[in-house]
Amino acid sequence: DRGSVTRERLVLAGRLVLAAVFFYAGVVKASAGGQFLLALLPFTFVPASWLGLIAAVLPVVEIATGALLLWPRTARLGAAVALTLLIIFCGALGW
């Protein structure tokens, strides 16, 4: 069915775009060194003792999320992680 093929292509395109965004965000944060840690300082609702861990783990999680979104077998897990991260990000920005 033509509509089914179009839907599959749109879903694939969406997954690829979202994967690229998360992969890029993770790589930028990972390569920023201490600059990303400094960028976390204004988020005062996060205990200062957690900032180093967040700065180390978040880029890895973002890169892994991008990778999970690429393969059909792991795309649902990647989508769940992406949704969780986006909810956390929205909450942090709205704090």
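Our subject is the structure listed above.
Conventions used here
Per chain, the residues get numbers from 1 upward, laid out in the order the sequence is written. The model is predicted, so local features are restricted to residues of pLDDT at least 70 and side-chain atom pairs to those at 80 or more, both for listing and for counting; the totals for chains, interfaces and linings are taken over all residues. To obtain the side-chain values, all non-hydrogen atoms of the structure were included, while hydrogens and water were left out. Under the DSSP-based scheme used, a helix requires at least four consecutive residues in state H or I and a strand at least two consecutive residues in state E, with every element numbered from the N terminus. In this treatment the radius of gyration is a C-alpha quantity, and the globule benchmark scales as 2.2 Å times the residue count to the 0.38 power. Three exposure classes are used, based on accessible area relative to the maximum for each residue type with a 1.4 Å probe and protein chains only: buried under 20%, partly exposed in between, and exposed over 50%. Two residues qualify as a contact provided that any one of their heavy atoms is within 4.5 Å of a heavy atom in the partner residue. For accessible areas, the Shrake-Rupley method is used with a probe of radius 1.4 Å. Any residue's cover is judged against the shown protein chains and nothing else. Residue count minus one, scaled by 1.5 Å, sets the expected span of a helix. Between 30 and 60 degrees the pair is tilted, below 30 it is stacked and above 60 it is edge-to-face, where a pair is any two Phe, Tyr or Trp rings, Trp via its six-membered ring, whose centres lie within 6.5 Å. Within this scheme, the nonpolar core is defined by two criteria: the residues are buried Ala, Val, Leu, Ile, Met, Phe, Trp, Tyr or Cys, and they are joined through side-chain atoms within 4.5 Å. Nitrogen and oxygen atoms within 3.5 Å of one another constitute a polar contact, given that in protein one can donate a hydrogen and the other can accept it, and given that sequence-neighbouring residues count only through two side-chain atoms. Each reported salt bridge corresponds to a side-chain nitrogen of Lys or Arg within 4 Å of a carboxyl oxygen of Asp or Glu.

(A) Inspection of the overall build of the protein chain at higher detail. Helix and strand counts for the protein chain stand at 4 helices and 0 strands. Listed by position from the N terminus, the elements making up the protein chain come as α-α-α-α. Taking 95 residues into account, the globule formula puts the C-alpha radius of gyration at 12 Å, and the protein chain, at 16 Å, lies well above it. Along the three orthogonal principal directions, the C-alpha set of the protein chain runs to about 55 × 25 × 15 Å. Counting every position in the protein chain, which comprises 95 residues, the buried fraction comes to 20%. Nonlocal contacts in the protein chain, meaning residues at least 24 apart in sequence, comprise 59% of its contacts between residues at least 6 apart. Carbon and sulfur atoms make up 73% of the accessible area of the protein chain, which amounts to about 6800 Å² in all.

(B) Molecular detail of helix α4 (residues 75-94). Over its 20 residues, α4 runs 28 Å from end to end, which matches the ideal 28 Å to within 8%, given 1.5 Å per residue. Tucked into the core, α4 has its buried residues touching α1 (2-31) and α3 (48-70).

(C) Geometry of the packing of aromatic side chains. Counting across every chain of the model gives 1 aromatic pair. Arranged with centres 6.1 Å apart and planes meeting at 85 degrees, the rings of F43 and F45 form a pair that is edge-to-face. Take F45: its relative accessible area is 34%, and that puts it in the partly exposed class.

(D) Examining the environment of A56 more closely. For A56, the location among the structural elements is in helix α3. For the pair formed by A56 and A25, sequence separation is 31 residues and the distance between their alpha carbons is 13 Å.

(E) Quick peek at the nonpolar core. Within the largest apolar cluster, 9 residues are counted, these being F22, F36, L40, V46, L51, A55, L58, A82 and L85. Looking at this core, the elements that each hand over two or more residues are α2 (34-40), α3 and α4. Sort the elements by how many residues they give to this core and α3 lands first, with 3 residues. Here L40 is in contact with L51, I54 and A55, once residues within four sequence places are set aside.

(F) Main features of the side chain of E62. In this structure, E62 sits in helix α3. Judged by its relative accessible area of 1%, E62 is buried. A polar contact is formed between the side chain of E62 and the side chain of K29, at a distance of 2.9 Å. With residues up to four places along the chain from it excluded, the contact list for E62 reads F22, F23, A25, G26, K29, L85 and F89.

(G) Just α3, in detail. Over its 23 residues, α3 runs 34 Å from end to end, which matches the ideal 33 Å to within 8%, given 1.5 Å per residue. For α3, the elements touching its buried residues are α1, α2 and α4.

(H) Structural detail: the pattern of salt bridges. Inspection of the entire model under this criterion finds 1 salt bridge. A salt bridge links E62 to K29; the shortest N-O distance between them is 2.9 Å. Pair noted here: E62 is in helix α3 and K29 is in helix α1, with a separation of 33 residues, a long-range link.

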